[in-house]
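# Breakdown of the fold
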Amino acid sequence: MRQFDFWPIIPGNKIQHSAFPLILANSLPVFGVLFWHWQIINLLFLYWLESGVIAFFNVLKMFSVPNSQSSGAPWPLFLIGKLFISTFFVLHFGVFMAAHGIFLLLIANNFSDLNFAIIGPLMTTATPGLITIFLSHGYSFVANFLIGGERKTADLGELIFQPYNRVIIMQLTIIFGAFATMLFGQQIIITQIFIGLK
């Protein structure tokens with residue numbers, strides 16, 4: 001993976017510059033808990049939305065892979081292959097998202113019922129965080145995948161599974177963290193653990 005050797009405020013810095021927007025985006029939940037009275041369900045919902053953002057940009061990556069990365073197939077067949085693989089990914093990942101979303105609704109309603117009315121307030125609270133996360137991942141997509149040249153070595157077969165490692169680890173951490181918070185409290189500590197692991 002190519003890394004840019006420049007950063008305007010830190011000359012000669014070797015740190016991948018897309019990490020700075022990501023760190024900034026993941027700092028927002030700390031402010032949410034400290035100053036905006038976020039509950040654990042607000043964090044869970046925001047990170048669930050981030051899974052959707054990751055999936056969205058992964059589909060864009062699939063369509064950005066150049067034809068030269070195929071096995072010499074004509075571009076119409078390669079395009080059909082992209083459509084098939086991206087559709088399969090969206091359906092498969094969509095099932096994963098739906099199952100996790102239902103689990104979140106059960107947590108939000110204390111495992112009593114599926115009250116979809118709570119989605120509105122949760123979405124309102126999560127909107128600032130969702131915007132920063134979307135911009136962060138968008139910046140990484142443009143800077144690293146498109147301009148940085150990652151697309152030239154990307155493989156469609158690998159891209160279809162790429163989001164799962166990060167998302168599954170993140171979601172398991174969040175779920176276990178949620179139960180830890182319910183048992184022991186200390187919500188701000190759990191939030192910091194989330195961000196550090198991410």
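Please read all numbers here as calculations on a predicted model, not as lab measurements.

Attention now goes to the overall build of the protein. What the protein contains, in helices and strands, is seven helices and zero strands. Secondary structure elements of the protein occur, N-terminal to C-terminal, as α-α-α-α-α-α-α. In the protein, of all internal contacts separated by at least 6 residues, the share reaching a separation of at least 24 is 71%.

Attention shifts here to helix H4 (residues 119-147). With 29 residues, H4 ought to run about 42 Å at 1.5 Å a step, yet its terminal C-alpha atoms sit only 37 Å apart, falling short of that. Along its length, H4 reaches its greatest deviation from straightness, about 50°, at Ala126, and the proline Pro128 lies no more than four positions downstream. Leu122, Ala126, Gly129, Ile133, Ser136, His137, Gly138, Phe141, Ala143, Asn144 and Phe145 are the residues of H4 that are buried.

The next point concerns the environment of Phe134. Assignment of secondary structure puts Phe134 in helix H4. If sequence neighbours within four positions are ignored, Phe134 has contacts with Val53, Phe56 and Phe57.

Mapped onto the elements, Asn58 comes out in helix H2 (residues 40-64). For Asn58, the contacting residues outside a window of four places in its chain are Phe89, Leu159, Ile160, Gln162 and Pro163.

In this structure, Val65, Phe89 and Phe93 are the most contacted members of the largest nonpolar core, which totals 35 residues. Leaving out residues up to four positions away in the same chain, Val65 has contacts with Phe78, Lys82, Phe145, Arg151, Ala154, Leu156 and Leu159.

Right, let's get into a nonpolar patch on the surface. On the surface, Phe56, Leu60, Ile131, Phe134 and Leu135 cluster together into a nonpolar patch covering about 460 Å² of accessible area. Secondary structure elements with two or more residues in the nonpolar patch: H2 and H4. With three residues, H4 is the largest single contributor of residues to the nonpolar patch. For Leu135, a relative accessible area of 57% corresponds to the exposed category.

All told, the structure shown has eleven aromatic pairs when counted by the stated rule. Grouping aromatic residues by their ring pairs yields a cluster made of Phe56, Phe57, Phe134, Phe141 and Phe145.

So, about the packing of H2 against H4. Direction vectors running N to C along H2 and H4 enclose 35°, while the axes themselves pass 8 Å from each other. With respect to the hand of their crossing, H2 and H4 are arranged in right-handed fashion. Taken together, the residues that form the contact of H2 with H4 break down as 19 nonpolar, six polar and two charged.

Attention now moves to the packing of H2 against helix H3 (residues 75-108). Running from N to C, H2 and H3 point in directions that differ by 180°, and their axes come no closer than 10 Å. Put simply, H2 runs roughly antiparallel to H3. When its residues are assigned to classes, the contact of H2 with H3 shows 18 nonpolar, seven polar and one charged.

A word on the environment of Leu122. The residue Leu122 is located in helix H4 in this model. By relative accessible area, which is 7% here, Leu122 ends up buried. Taking the C-alpha atoms as reference points, Leu122 and Leu44, 78 residues apart in sequence, are found 10.0 Å from one another. The contact partners of Leu122, leaving out residues within four places of it in the chain, are Ile41, Asn42 and Phe45.

What counts as what
- Residues numbered from 1 in each chain as written.
- Predicted model: local features only at pLDDT ≥ 70, side-chain atom pairs only at ≥ 80, totals over all residues.
- Heavy atoms only, no water.
- Helix = DSSP H or I, 4+ residues; strand = E, 2+ residues; numbered from the N terminus.
- Contact = heavy atoms within 4.5 Å.
- Expected span 1.5 Å × (residues − 1).
- Bend = angle between axes of the 7 residues up to and from the residue.
- Buried < 20%, exposed > 50% of the residue type's maximum accessible area, 1.4 Å probe, protein only.
- Core = buried A, V, L, I, M, F, W, Y, C linked by side-chain atoms within 4.5 Å.
- Patch = residues over 30% accessible without salt bridge, like charges linked within 9 Å, V, L, I, M, F, W, Y side chains within 5 Å.
- Areas by Shrake-Rupley, 256 points an atom, 1.4 Å probe, with all protein chains shown as cover.
- Salt bridge = Lys/Arg side-chain N within 4 Å of Asp/Glu carboxyl O.
- Phe/Tyr/Trp six-rings, centres within 6.5 Å; stacked < 30°, edge-to-face > 60°.
- Axes fitted to C-alpha atoms, helices over the stretch in contact; angles between N-to-C directions.
- Left-handed = near helix turned anticlockwise from the far one by under 90°.
- Nonpolar A, V, L, I, M, F, W, Y, C, P; charged D, E, K, R; others polar.
- Parallel < 35°, antiparallel > 145°, perpendicular 65-115°, else oblique.

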